[in-house]
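For reference, the chains in residue letters:
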Amino acid sequence: APNTLTINSPAGIAGNYQAVRAAFGSQTNDPVTGNAGFVNDGTAAGTLGCGPATNNISGLIAFIDRGGCTPAVNGEFGSKALKAQQKGAIAVIICNSLANATQAPFSMAAATNGGQVTIPTFMISYNDCQKIRTDIIAGGVNATLSFTCASTAVFPVSTVWGKLPKQGDFDGGLNDWTVDVDPTWEWDSDGLITGNAFGGGALVGWTGCNGIMVFKSDSLDNGGDSANQGGGPAPAPQTGALISPTIDLTGQTIEGIVIEWAQITRQFQSVYSLILSKDGGATWPDTFAVNAALPVNSNVITNRERVAVPGYGGITSLKFKFEYVGNYYYWGIDDVIVLNEAKEDIQVNENFYAASASLSTPVTQVSPIAILADVSNIGNKDAAGVTMDYVVVDRAAPTVEVFKSSITYGNVAAGSAIENRVFPIAFTPPAKVGTYDASYTIKSANDAAATGNNRRDMFFYVTEDTYGLVNPEAVTTPANYLPYSLSPWTIGTTVTYYTMANVFHVVKGKNLTVKTLSTGLANAAFGDINETGFINADVYEWADADGDNQCQPTERTKVGTGSLFLDASITNTRNFPIEVWALNGDGSANVGTPFELKDNTTYIGAVHTAPLDPSVPRYELLGYSARTFSGFDRSVNYSAQRLAQDSIPALASRSAGSLFGITGTSDTDVEDRTFEIIANASVETTGFIDIKIGEFNSTYDLDKTAEVTSFPNPASREIFIDVTLKDVSDVNVDLITVDGKVAATRSFGKIQDDRLKMDLSDVASGTYTLLVKTNDGVISRKIIVQK
């Protein structure tokens, strides 16, 4: 497959640049030559290609920058390529972004519109694009996409097998390797994973252009048809092994064995193993888990993987096999080598270390953070003198340590792990607004470098007044990075009414209240759900009596509530606030009257979907599922913090993270739902709900003696209000919008037991608060105006 972008002219930038083909678009192996040009969609960030190109790219190889767009679908790789194709481009090159400047090019997924792309589409690195960008924008650049097969292998000096052609490079086929079950592993000529219903990729290894071995669990299960799951030639799970030849090590002094290979994979629920034999395959005594920490439903992963095998010093024969229990999606392998090395390799495990209990915490509410990180020795030699440091710095002054604590492990045996060991001292952030970076760093007597797998990073914020578990999109690149929090396979096809809730702990609640809960929707076509119903919001006190991190109905007490009607007044559907107030006697919002928070109390801020008609498109609340082990993803994954808190008596009653209630059958059964964590292995779903606190101050006193009933609800032309008061009083009725404006008002004199009428002819559709003010206070009711 074409894997090289060659700039033919001008001479100053001429040469070869690595290009990786997308999993969509033309798969032709024919070279493509043409003049190059960047798209310009006429906006300030025109080279992102968020809209159709306004410049002439017909007949050109179109270059487009990677980056988010609004709506999010326009920022997908497939959508950008499709827009260029529709303007006449003969091929597309996506330039990786500055935020991913160190990332190698990868095979891009089709997403929403990639299936319509018929022209070749590729990615190049950010740095390569920067070298050629100015000339391309200026014009006069000619380029060719072509196939260049040259090994880029750099073999370590300790390599004892795999250097020679046709050993571990799968040049032209299996060669001396074997496969134990057909159909499982198969040879692919160009390293491109195709034929899967749920995406593919390209393995860019040392010699990927001469063939790789791949096990396509996806296509074996469904035959390439997403609607045919289980109907393919070999329904999942399938099991097959790729078996090496017997490697003769006679005459060599083997200190230890390390097996290394290039791989491409996408994980759902598969099991990967490396199995070894010292006697030519007569017995297979040693099995090592591979890729065990990969997130469920991961993104495409390409890397060089290595396994150091304890107990193989002094051997004279080696045979091994890669066994895959395939349960979606695939595993591709190439460029396998065997190294003669005996080393310790201490690491902080990237899939489990504790972040803050809340990514954002108000400055008045900072409280202890439990410290925990799992560690392993993935080498084949025991490690001595192992210690780990936890260090926090203020990002504004990164050379000054805000906090440091250490823990000693002593000796850690080869191939072993130490899990769930909590630091004896918790960390309380400073009461200072800012961004704080924290790191776990491990070292041993012979593996002291604080790089690579020796260090893991995370961060958190101390804010003026807001709790939050994920970044608001306004402060994150790319924009609109938050997807739908609960995918259809999580909540099924019938659940329309569900709850998303975030946990927050209040240290000092006196004279403070919750002002708003802010959330957002991923629905691309807001018009489909405009004026179809509500997002309701509640605040609960929560005491997790059984310590299971599930919020049972009997464990929570509602203390605040609010509601927002989904209509055109919401100008930003991806981030809108919902005011919450104290409760009336019937559990509805007593608008204008706040509730006071309590000291040292765990709360839940919850939002519930409440369409008036369950047949409208499902409301898609925003959230995040961490599918990588980046510093950001680990900073918004709260599983390790919960476990660590459970080990510290002063924190054991708390929880952290997001909870979901997905058993709803109507908008009235909220209080019957159990709210629970949604997680698959290392992937945890985190909801976007920002919780803003502020001073407790009541706008109105509550009239507790009055009885008020309003009808009809929803109303269209007029609304009637039945009022029964203890004493005769003048009454003022205001209709208040969700943003606090008065939409209508009327005054009535000498009222005690009367029916009042308010004209709604000049009132727009929406959700309103009806405020009935008497001499003794105020009564509020929620009403809907529908026209």
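Quick note: structure is the one above.
Below is a summary of the structure that appears in this document. (Residues numbered from 1 in each chain as written. Predicted model: local features only at pLDDT ≥ 70, side-chain atom pairs only at ≥ 80, totals over all residues. Heavy atoms only, no water.)

**Details of the overall build of the protein chain**
Link 1 in the chain: The number of helices and strands found in the protein chain is 6 helices and 47 strands.
Link 2 in the chain: In summary, the protein chain has a C-alpha radius of gyration of 30 Å against a globular reference of 28 Å for 787 residues, a match within 12%.
Link 3 in the chain: Dimensions of the protein chain, computed from C-alpha atoms along their principal axes, come out at roughly 105 × 65 × 55 Å.
Link 4 in the chain: Burial analysis of the protein chain (787 residues in total) assigns 56% to the buried set.
Link 5 in the chain: With an accessible surface of roughly 31,300 Å², the protein chain has 50% of that area assigned to carbon and sulfur atoms.
Link 6 in the chain: One way to put it: in the protein chain the 51 positive side-chain charges average out to a point 4 Å from where the 81 negative ones average out. (Helix = DSSP H or I, 4+ residues; strand = E, 2+ residues; numbered from the N terminus. Rg over C-alpha atoms; globule rule 2.2 N^0.38 Å. Buried < 20%, exposed > 50% of the residue type's maximum accessible area, 1.4 Å probe, protein only. Areas by Shrake-Rupley, 256 points an atom, 1.4 Å probe, with all protein chains shown as cover. Lys, Arg positive; Asp, Glu negative; His and termini not counted. Charge placed at Lys NZ, Arg CZ, Asp CG, Glu CD.)

**Quick look at the sheet that holds strand β28 (residues 417-418)**
Link 1 in the chain: What the 3 strands build is an open sheet, ordered β23-β25-β28; its pairing is antiparallel. Unpaired on one side and paired on the other, β23 (346-353) and β28 mark the two borders of the sheet.
Link 2 in the chain: Strand direction decides the pairing type here: β23 and strand β25 (residues 373-377), joined by 4 bridges, are antiparallel. Along β25, the bridge assignment pairs I346 with N377. (Pairing = 2+ DSSP bridges.)

**Re helix α1 (residues 77-86)**
Link 1 in the chain: The buried count for α1 comes to 9 of 10 residues, which makes it a mostly enclosed element.
Link 2 in the chain: Considered for burial, the residues of α1 that qualify are F77, G78, S79, K80, A81, L82, K83, A84 and Q85.
Link 3 in the chain: Buried positions along α1 lie against β5 (61-65), β6 (91-95) and β7 (121-124).
Link 4 in the chain: Just downstream of α1, G88 is the residue with a positive phi angle, here 95°. (Contact = heavy atoms within 4.5 Å.)

**Looking at the packing of aromatic side chains**
Two aromatic rings, taken as a pair, are described by how far apart their centres are and by the angle between their planes.
Link 1 in the chain: For the structure shown, the criterion picks out 41 aromatic pairs.
Link 2 in the chain: Between the aromatic rings of W177 and F322, the centroid separation amounts to 6.3 Å while the plane-to-plane angle is 15°, which identifies the pairing as stacked. Of this pair, W177 sits in the loop between β9 (159-161) and β10 (178-179) while F322 sits in strand β21 (residues 317-326), and the two are 145 residues apart along the sequence. Per residue, the accessibility class of W177 equals that of F322, and both read buried.
Link 3 in the chain: An aromatic cluster of three or more residues is present, and its members are W161, F170, W177, W185, F215, W261, Y272, F320, F322, Y324 and W331.
Link 4 in the chain: Over the face of the ring belonging to Y540 we find R556, whose NZ or CZ atom lies 5.3 Å from the ring centre. (Phe/Tyr/Trp six-rings, centres within 6.5 Å; stacked < 30°, edge-to-face > 60°. Lys NZ or Arg CZ within 6 Å of the ring centre and 35° of its normal.)

**Here we look at the state of the cysteines**
Throughout this description, disulfide means a covalent bond between two cysteine sulfur atoms.
Link 1 in the chain: If you walk through the whole model with that rule in mind, you get 2 disulfides.
Link 2 in the chain: A disulfide bridge connects C50 with C69, and the sulfur atoms are separated by 2.0 Å. In this structure, the disulfide formed by C50 and C69 twists by about -75° around the S-S bond and is classed as left-handed. Remark: C69 occurs in the loop between β5 and α1 and C50 occurs in the loop between β4 (32-38) and β5; sequence separation between them is 19 residues. Take C50 and C69: they sit in the same class, and that class is buried.
Link 3 in the chain: The disulfide that involves C95 links it to C129, with 2.1 Å between the sulfurs. Linking C95 and C129, the disulfide has an S-S dihedral of approximately 65° and is accordingly described as right-handed. Pair noted here: C95 is in strand β6 and C129 is in helix α2 (residues 126-138), with a separation of 34 residues, a long-range link. The same class applies to C95 as to C129, namely buried. (Disulfide = S-S within 2.5 Å.)

**Comments concerning α2**
Link 1 in the chain: Helix length check: α2, at 13 residues, gives a terminal C-alpha distance of 18 Å against a target of 18 Å (1.5 Å per residue), a fit within 8%.
Link 2 in the chain: A maximum bend of about 50° is found in α2 at I132.
Link 3 in the chain: Those residues of α2 that fall on the buried side of the exposure criterion are Y126, D128, C129, I132, R133 and I136. (Expected span 1.5 Å × (residues − 1). Bend = angle between axes of the 7 residues up to and from the residue.)

**Section: the side chain of T602**
Link 1 in the chain: Along the polypeptide, T602 turns up in strand β37 (residues 601-611).
Link 2 in the chain: The class of T602 is buried, set by a relative accessible area of 7%.
Link 3 in the chain: Only 3.0 Å separates the side chain of T602 from the side chain of H505, close enough to count as a polar contact.
Link 4 in the chain: Those residues in contact with T602 that lie beyond four places of it in its chain are V503, F504, H505, Y540, E541, W542, S653 and R654. (Polar contact = N/O pair within 3.5 Å; in protein donor to acceptor, adjacent residues only side chain to side chain.)

**Here's the deal with the sheet that holds strand β41 (residues 683-687)**
Link 1 in the chain: Read across the sheet, 3 strands follow the order β38-β41-β40 without closing on themselves; strand pairing throughout is antiparallel. Both outer strands of the open sheet, β38 (623-625) and β40 (679-680), are each paired with one neighbouring strand and no more.
Link 2 in the chain: Where β38 lies against β41, 3 bridges are found, and the strand directions are antiparallel. Bridged to G623 within β41 is G687.

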